[in-house]
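Inside the fold
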Amino acid sequence: MIRIAVANQKGGVGKTTTAINLATALAASGLRILLIDLDPQGNASTGLGITHAQRSLSSYELLTGQSTLEDAVVASPVPRLDIIPATVDLSGAEIELIEFEGRTHRLDKALEGTADVKWDVCLIDCPPSLGLLTVNALIAANAILVPLQTEFFALEGLSQLLQTVERIRARFNPELSIIGVALTMFDRRNNLSSQVADDVRACLGKIVFDTVIPRNVRLSEAPSHGIPALIYDHRCPGSEAYIALARELIGRLPRQAKAAA
Ligand code: ADP
Ligand code: MG
């Protein structure tokens, strides 16, 4: 199982939308996916229609050792896509975990064992901060995928994120790679969007995926129906873009995970 943290400490850049729809597109291509909702806002859980009753065991219980991975996993409406949901309890974890032994490695430890044979890819939807939750995700992960909103300040804050990745590589997880940067909310009617996309490519080079996710209202409507945009309207431009992004991502996966697709 390859573990990919979907991370960017900025809020509203498309992390959750990317996590949900990429997970769905990867599952549709035959991969078995585990999505971990690591944001106390629980948007990935809501977007996949996970009810509050189904969240009695969540990523909070998993990190604090009150639940096993198996017990916290819930099946999503998408075949081959399972999720560990989140609740607001998780907002306390940043503080509570400070008292815990191995506080930075809680998620990594929780994923040891049978997860490796049950799923091919694990996507971790990170909260909008570089706090202990995101650190847990980056230590548990093999790779990070960075959604970057195609707007004027796109690159602002990126150096901070990359520094965090460097620090985690140096101290805990030397194999942590950047599997790609995904440009999101691209508005083709807006010259600024194209210019920002060009600048980002000039700055970051080939780690930026060729696929660009357009601004598309279907992507923002789908969560209120509790289903991924890919199921809500699989032919809308947003869904098509996430299918293309999944294809590109599969091309970048280690051979072992790719073979399952
Ligand atoms: P994050 O998880 O980084 O905070 P979200 O994925 O929740 O970001 O996106 C923030 C908001 O923007 C949400 O309301 C979401 O529905 C909307 N959104 C995300 N991507 C797109 C897109 N490509 N087109 C239109 N709306 C989008
Ligand atoms: Mg989010």
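A few points on the structure. (Residues numbered from 1 in each chain as written. Chains lettered and ligands numbered in written order. Predicted model: local features only at pLDDT ≥ 70, side-chain atom pairs only at ≥ 80, totals over all residues. Heavy atoms only, no water.)

Concerning the overall build of the protein
The number of helices and strands found in the protein is 14 helices and 8 strands. Relative to the globule expectation of 18 Å for 261 residues, the C-alpha radius of gyration of the protein, 17 Å, shows essentially globular dimensions. Projecting the C-alpha coordinates of the protein onto the three principal axes gives extents of approximately 50 × 40 × 35 Å. Here the protein displays about 11500 Å² of accessible surface, and carbon together with sulfur accounts for 51% of that area. Within the protein, the 28 negative side-chain charges are centred at a point lying 6 Å from the centre of the 24 positive side-chain charges. (Helix = DSSP H or I, 4+ residues; strand = E, 2+ residues; numbered from the N terminus. Rg over C-alpha atoms; globule rule 2.2 N^0.38 Å. Areas by Shrake-Rupley, 256 points an atom, 1.4 Å probe, with all protein chains shown as cover. Lys, Arg positive; Asp, Glu negative; His and termini not counted. Charge placed at Lys NZ, Arg CZ, Asp CG, Glu CD.)

Quick notes on the pairing of strand β8 (residues 208-214)
Where strand β7 (residues 177-186) meets β8, 3 bridges bridge the pair, whose relative direction is parallel. Considered in β8, the bridge of F186 is made with P214. Between the parallel elements β7 and β8, the chain passes through helix α10 (residues 191-204) in a crossover that is right-handed. (Pairing = 2+ DSSP bridges. Right-handed = clockwise from strand over helix to strand, strands pointing away.)

Some words on empty space enclosed by the protein
Taken as a whole and assessed by the stated rule, the structure comprises 1 cavity of 30 Å³ or more. Approximately 40 Å³ is the volume found for the largest cavity. In this structure, the largest cavity is lined by T17, I20, N21, G47, L219, A222, P223, I227, P228 and A229. Considering each element in turn, the lining of the largest cavity owes the most residues, 3 residues, to helix α1 (residues 15-28). Looking at side-chain class alone, the lining of the largest cavity contains 7 nonpolar, 3 polar and no charged residues. (1 Å grid on protein atoms, 1.4 Å probe; cavity = no way out; pocket = protein on both sides within 12 Å on 5 of 7 lines; lining within 4 Å. Points joined across faces, edges and corners; volume = space filled by probe spheres on them. Nonpolar A, V, L, I, M, F, W, Y, C, P; charged D, E, K, R; others polar.)

A word on the site of ligand 1
Around ligand 1 lies a shell of 14 residues, among which G12, T16, T17, P214 and N216 are the nearest. A distance of 2.9 Å separates an oxygen atom of ligand 1 from a polar atom in the side chain of K15. Within the side chain of T17, an N or O atom sits 2.6 Å from an oxygen atom of ligand 1. In the complex, 79% of the free accessible area of ligand 1, which totals 560 Å², lies under the protein chains. If you map ligand 1 onto the pockets, it falls in the largest pocket. Among the elements of the structure, α1, β8 and α11 (217-221) are those that each provide at least two residues to the shell around ligand 1. Looking at the shell around ligand 1, the element that brings in the most residues is α1, giving 3 residues. Here the residues of the shell around ligand 1 are counted per class, giving 5 nonpolar, 7 polar and 2 charged. (Near = heavy atom within 4 Å. Polar contact = N/O pair within 3.5 Å; in protein donor to acceptor, adjacent residues only side chain to side chain. Sits in = over half its atoms within 2 Å of the grid points.)

Everything listed here is a matter of geometry and, on its own, says nothing about what the molecule does.
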